[in-house]
Amino acid sequence: MAPAGKVTGFLKEGNEWFFKTGLPSDITVVVDGINFHLHKFPLVSKCGRIARICEKSVEKAFATALEEFPGGPDSFLIVVKFCYGMRLELTPRNIVNVFCAADYLEMTDEYGEANLLSKSESFLHKNILRNWKDCILALQSSDPVLPRAEKLQIVSKCLDALSVMACTDPSLFGWPMMMYGSLQSPGGSILWNGINTGARIRSTESDWWFEDISYLSVYLFEKLIREMERRGIRPENLVGAIMHYSRKYLPGLGRWQSGQGGKTRTVASFSMTPAAVDQRILLETIEKLLPEKKGKSFCRFLLGLLRVGLILGVSQTCKDSLERRIGMQLEMATLDGLLIPTYSDSDTLYDTDCMERIIDHFMTSESRITSFSPPSLDLETSPSSEPLRKVAKVVDNYMAEVASDVNLKPRKIRSLAEALPDSSRPLHDGLYRALDIYFKAHTWLSDREKEELCNVIDYQKLSIDACAHASQNDRLPLRTVLQVLFFEQMQLRTALAGCLHVLDGETAPAGPTTFPSDMAGQIVQRDGWVTVVRENQVLKVGMENMRSRVGELEEEFSKIKQEMKRVTKSHSSLSSPRLVPRKMGCKRLPRSSDAQPDNFDSNVPTPRASVEQPRSSRHRKSFSLF
């Protein structure tokens, strides 16, 4: 109860608070340097702690200091007003501080019915824990008194309430949960307890709570994510909330999260301010919260975290964990994400050592982590994908990008090239391109150094175009060029033989044409030679014309043979072989004594058996390839 006299309220003069009642103050309470000139009776009747202090004091008027008072002078002023019987104003912003202050002063029902501790607990359960907005506000205001609030289980109760509401369809809450934003209903208003509120749920998407919880401190955010994980919230939703929180307090992640924006649902109307966070501690905490999943956007996010972590100087454990996570899903990484600049004293532009460690993690990872399921994160779950070949392609592009660095040592470019097994590259064009760029930027390399680097290339796995380019590349050592020319000739022979075989198969009357599978594989791999030949109609027409010409010549040859046989039987006097050509209108065969033999058609045979058979077989053999 208030002391006798007219109650006019509190008055502050500098660092002094006075309660105007007309009675002199008999106790002065000091809280964080602020002096409260009060009266013993209203305080002793409500506060067990102050009652014990007054019992120990023998003086009529004395002063006492309350060390580490929860909430400071503002919370103590609310408590004092309650003790003096003034109207108590509990809000989501002060409930945690007042609750802790009442516990500090031992304001239990033992020192008065419906004391402040029970009132605070009742307000927390009936008002705060049932409202999403109030829970967020209460948690944000609990930072100054966090240890005591955790001891009183205020924090755990608020986190549990938030995790339950985040797991539930927000349309079930209606008013007054979704209070932020414009609440206009041009039709389709929602009802709350039978009352038309005029409000309408704006969104039922699973990410409606991302922005709201981003106003919590790192410590509370971590505890909330852990509680949500225990509740069974989907991992992709948790990752979405973590990514949103990280983007807000780590501005360097912005460029790595393109396409992850969208319309933001905020609690700006709550007048909340973002939490003050230590970016290094935040990043180390975020890394621990991330699940063992993989996805394209998630991999890009991990690469962004690694880049920012190198700038902030996070612990080695955090860096190793990020590199391991990236390595386990390297097939989903992009070139721009892997081009991490060097932030140490190294002379190179890019951190190739980090890239090499990531590749090692990819090669040594035994268990494959699972992918997320929703398409919202741009994820790939195709079982037919070939991670090793995808990684080889990315690594080849990476080497081509860093090869222009004049400070990059030959051993480093070679170690990157040999980090993956030979089976990962069906073609070595990417390796050749990277080394060509490296030789162009490092003109001072000796032929021996170039040859050692060229040994990583399998010349049999170069395409026709790459062989043609390499055979004329003056940056390559002479021995390498000779090897390229040798394998280029082999490839051309194989490709030509395969093309002709395919053409013969197309002109066959029936039945499919078969040829060795290894030859077919080489033809397909050599830039689609079979397709090129089939589409070259001009060549096919020329081949058909040549075939018809050969047929005509064979016909004419058979007619000449029949005529020779007929003339020989009917005119025995013309049996001399020198007269046969004259009878048929041909010129006389020249003798060895003739000075200049006349020209003749080599396709027309003579009746001599020694000349006739070889010529016919030579015709057939010469055109048998077509």
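Draft legend 1. Layout of the overall build of the chain. Secondary structure summary: the chain contains 27 helices and seven strands in total. Across the 626 residues that make up the chain, the buried fraction comes to 44%. Put simply, the chain shows about 33600 Å² of open surface, and 52% of that area lies on carbon and sulfur atoms.

Draft legend 2. Here's a closer look at the confidence of the model for the chain. Across the chain, the average pLDDT comes to 76, with 68% of residues at 70 or higher. Note that residues 258–269 has pLDDT below 50 and, in this model, 25 contacts with residues that lie over four places away or in other chains.

Draft legend 3. A look at the pattern of salt bridges. What the rule picks out here adds up to 25 salt bridges. Asp134 is the partner of Lys133 in a salt bridge, and the nearest nitrogen-oxygen pair spans 3.9 Å. This pair shows no difference in class: Lys133 is buried, exactly as Asp134 is. The salt bridge partner of Arg389 is Glu386, with a shortest N-O separation of 3.5 Å. Taking relative accessible area as the criterion, Arg389 reaches 42% and is therefore assigned partly exposed.

Draft legend 4. Just the sheet that holds strand E2 (residues 16–19), in detail. Across the sheet, which stays open at both edges, the five strands sit in the order E1-E2-E4-E3-E5 with mixed pairing between neighbours. Lying at the two open borders of the sheet, with one neighbouring strand each, are strand E1 (10–13) and strand E5 (62–65). Shown here is a sheet whose adjacent strand axes are inclined to one another by a mean of 20°, direction ignored. When strand E3 (residues 27–31) meets E5, the two strands line up parallel, connected through four bridges. Residue pairing in the sheet places Thr28 in a bridge with Ala63 of E5. Along the sheet, helix H3 (residues 72–83) makes contact with E1, E2, E3 and strand E4 (34–38), crossing E4 at roughly 10°.

Draft legend 5. Local environment of the side chain of Glu211. Take Glu211: it is sitting in helix H9 (residues 210–213). Among the polar contacts listed, one links the side chain of Glu211 to the side chain of Lys248, at a separation of 3.1 Å.

Draft legend 6. View of the side chain of Asp436. Secondary-structure assignment places Asp436 in helix H19 (residues 429–441). Note on Asp436: relative accessible area 12%, which makes it buried. Apart from the residues within four sequence positions on either side, Asp436 is in contact with His469, Asn473 and Arg475.

Draft legend 7. Representation of the environment of Lys133 within the structure. Along the chain, Lys133 turns up in helix H6 (residues 132–140). Separated by 80 residues in sequence, Lys133 and Ile213 have C-alpha atoms that sit 10.0 Å apart.

Draft legend 8. Inspection of helix H12 (residues 279–289) at higher detail. The complete set of buried residues in H12 reads Leu282, Leu283, Glu284, Thr285, Ile286, Glu287 and Leu289. Of the surrounding secondary structure, the elements contacted by the buried residues of H12 are helix H10 (218–231), helix H11 (235–249), helix H13 (296–312) and helix H14 (316–327). Between a side-chain oxygen at the N-terminus of H12 and the backbone nitrogen of Arg280 the separation is 3.0 Å; the capping residue is Asp278.

Draft legend 9. Examining a nonpolar patch on the surface more closely. Taken together, Leu478, Leu482 and Leu485 make up a surface patch of nonpolar side chains, about 300 Å² in accessible area. Mapped onto the elements, Leu485 comes out in helix H22 (residues 478–507). Classification of Leu485 by relative accessible area gives partly exposed; the value is 34%.

Draft legend 10. Structural view of H19. A rise of 1.5 Å per residue sets the reference length of H19, with its 13 residues, at 18 Å; its end C-alpha atoms lie 19 Å apart and thus fit the reference within 8%. Within the sequence span of H19, burial applies to Leu431, Tyr432, Ala434, Leu435, Asp436, Tyr438, Phe439 and Ala441.

Draft legend 11. Up close: the packing of helix H17 (residues 387–402) against H19. At a minimum axis separation of 8 Å, H17 and H19 run at an interaxial angle of 10°. As summarised for this structure, H17 and H19 are arranged roughly parallel, according to the angle between their axes. Counted together, Asp396, Asn397, Met399 and Ala400 of H17 and Gly430, Leu431, Arg433, Ala434 and Ile437 of H19 form the full contact between these two elements. Taken together, the residues of the contact of H17 with H19 break down into five nonpolar, two polar and two charged.

Rules of the game
Residues numbered from 1 in each chain as written. Predicted model: local features only at pLDDT ≥ 70, side-chain atom pairs only at ≥ 80, totals over all residues. Heavy atoms only, no water. Helix = DSSP H or I, 4+ residues; strand = E, 2+ residues; numbered from the N terminus. Buried < 20%, exposed > 50% of the residue type's maximum accessible area, 1.4 Å probe, protein only. Areas by Shrake-Rupley, 256 points an atom, 1.4 Å probe, with all protein chains shown as cover. pLDDT = per-residue confidence, 0-100. Contact = heavy atoms within 4.5 Å. Salt bridge = Lys/Arg side-chain N within 4 Å of Asp/Glu carboxyl O. Pairing = 2+ DSSP bridges. Axes fitted to C-alpha atoms, helices over the stretch in contact; angles between N-to-C directions. Polar contact = N/O pair within 3.5 Å; in protein donor to acceptor, adjacent residues only side chain to side chain. Patch = residues over 30% accessible without salt bridge, like charges linked within 9 Å, V, L, I, M, F, W, Y side chains within 5 Å. Expected span 1.5 Å × (residues − 1). Parallel < 35°, antiparallel > 145°, perpendicular 65-115°, else oblique. Nonpolar A, V, L, I, M, F, W, Y, C, P; charged D, E, K, R; others polar.

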